[in-house]
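Letter by letter, the chains look like this.
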Amino acid sequence: MQSSFEDLISSFLENKIGISNSFLSNDLALKLKTNLLTLYKQKDLKAASIGNDYLLNTDDTIRRDKIFWLDKCSNNYSEKLFFELIDAFVLYLNSTCFTGIRSYEFHYAMYEKGAFYKKHLDQFKTDTGRAFSMVMYLNENWRVKDGGQLKVYLEPKFEIISPENKKCVFFRSNELAHEVLLTSVSRMSITGWLKTSL
């Protein structure tokens, strides 16, 4: 577990983008994907919004993913394991990098064929609580032609990151603009933010 944490932190310190190719175990990734697909089939996922508070709205010219917010009080066993993993990472991050993370929020995300999310920052103009963004992918046997890559802007260049199963990407929410490129197949992930506010 600590080796995947170190992979994230060391690559983040080197390149502003932390990447661990095996942040999730095979078993946990499969169970979380199964949960996501069940929620999707039950039509429990909702069109994602942009903005927050009174600025909240949906705009499918900007983003077309569907999401379901995770609840730490859930009785779902695999989600409990997921939150235990996040708690362990936050403890490690705070103790080694003194980041002052106090809370977090995560959701399942489904990008159906033809979906995308245009270039944006994750931190709201009216709320600076989001310190770090995390994305964990649930896409087995991903191929380049499937699309849905994460494009992260490191001005004046950019990095294209494949959404492969078990991989985690980690970066500052207020620093790096990014987008999800057009996907040709269903693209699944858990996305969230580590926060300095409660």
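Here the structure is a predicted model, which means the values were calculated and not measured. (Residues numbered from 1 in each chain as written. Predicted model: local features only at pLDDT ≥ 70, side-chain atom pairs only at ≥ 80, totals over all residues. Heavy atoms only, no water.)

Visitor: Please explain the overall build of the protein as it appears in this structure.
Guide: Check the secondary structure of the protein and you find three helices and eleven strands. Moving toward the C terminus, one meets the helices and strands of the protein in the order α-β-α-β-β-α-β-β-β-β-β-β-β-β. In terms of overall size, the protein behaves like a compact globule, its C-alpha atoms giving a radius of gyration of 16 Å where 198 residues would be expected to give roughly 16 Å. Projected onto its principal axes, the C-alpha coordinates of the protein cover approximately 40 × 40 × 35 Å. Buried positions account for 51% of the 198 residues belonging to the protein. Long-range contacts, defined here as pairs at least 24 residues apart, represent 78% of the contacts in the protein between residues at least 6 apart. With an accessible surface of roughly 10200 Å², the protein has 52% of that area assigned to carbon and sulfur atoms. If the 26 positive side-chain charges of the protein are averaged to one point and the 24 negative ones to another, these points end up 4 Å apart. (Helix = DSSP H or I, 4+ residues; strand = E, 2+ residues; numbered from the N terminus. Rg over C-alpha atoms; globule rule 2.2 N^0.38 Å. Buried < 20%, exposed > 50% of the residue type's maximum accessible area, 1.4 Å probe, protein only. Contact = heavy atoms within 4.5 Å. Areas by Shrake-Rupley, 256 points an atom, 1.4 Å probe, with all protein chains shown as cover. Lys, Arg positive; Asp, Glu negative; His and termini not counted. Charge placed at Lys NZ, Arg CZ, Asp CG, Glu CD.)

Visitor: How should the packing of helix α2 (residues 26–41) against helix α3 (residues 77–97) be read in this particular structure?
Guide: The packing of two helices is summarised by the inter-axis angle and the distance between the axes. It is at 9 Å that the axes of α2 and α3 come closest, and there the two elements cross at 125°. Classed by the angle they form, the pair α2 and α3 counts as oblique. Here α2 and α3 pass one another in a crossing that is left-handed. Listed contacts from α3 to Leu28, Lys31, Leu32 and Asn35 of α2 are Ser78, Glu79, Leu81, Phe82 and Leu85. Per-class residue counts for the contact of α2 with α3 are five nonpolar, two polar and two charged. (Axes fitted to C-alpha atoms, helices over the stretch in contact; angles between N-to-C directions. Parallel < 35°, antiparallel > 145°, perpendicular 65-115°, else oblique. Left-handed = near helix turned anticlockwise from the far one by under 90°. Nonpolar A, V, L, I, M, F, W, Y, C, P; charged D, E, K, R; others polar.)

Visitor: For this particular structure, what's the right way to read the side chain of Ser11?
Guide: Here Ser11 shows up in helix α1 (residues 2–15). Of the polar contacts made by the side chain of Ser11, one reaches the backbone oxygen of Leu8; its length is 3.2 Å. The contact partners of Ser11, leaving out residues within four places of it in the chain, are Lys16, Ile17, Gly18 and Ile19. (Polar contact = N/O pair within 3.5 Å; in protein donor to acceptor, adjacent residues only side chain to side chain.)

Visitor: Sorry, what's going on with the sheet that holds strand β3 (residues 66–69) here?
Guide: The pairing of strands in a sheet comes from backbone hydrogen bonds and takes either a parallel or an antiparallel form. Taken in spatial order, the seven strands make up an open sheet running β1-β9-β6-β11-β4-β3-β2, and their pairing is antiparallel. Sheet topology places β1 (18–20) and β2 (46–47) at the edges, where each strand pairs with a single neighbour. Here strand β4 (residues 103–111) pairs with strand β11 (residues 187–195) via nine bridges, running antiparallel. Of the residues in β11, the one forming a bridge with Phe106 is Gly192. (Pairing = 2+ DSSP bridges.)

Visitor: I would appreciate a short explanation of the environment of Leu181 in the present structure.
Guide: Counting through the fold element by element, Leu181 comes out in the loop between β10 (178–180) and β11. Residues Leu181 and Ile160 lie 21 residues apart in sequence; the distance between their C-alpha atoms is 9.4 Å. Contact partners of Leu181, with chain neighbours within four places excluded, come to Ala115, Phe116, Gly148, Gln149, Lys151 and Ile160.

The values are spatial; any link to function lies outside them.
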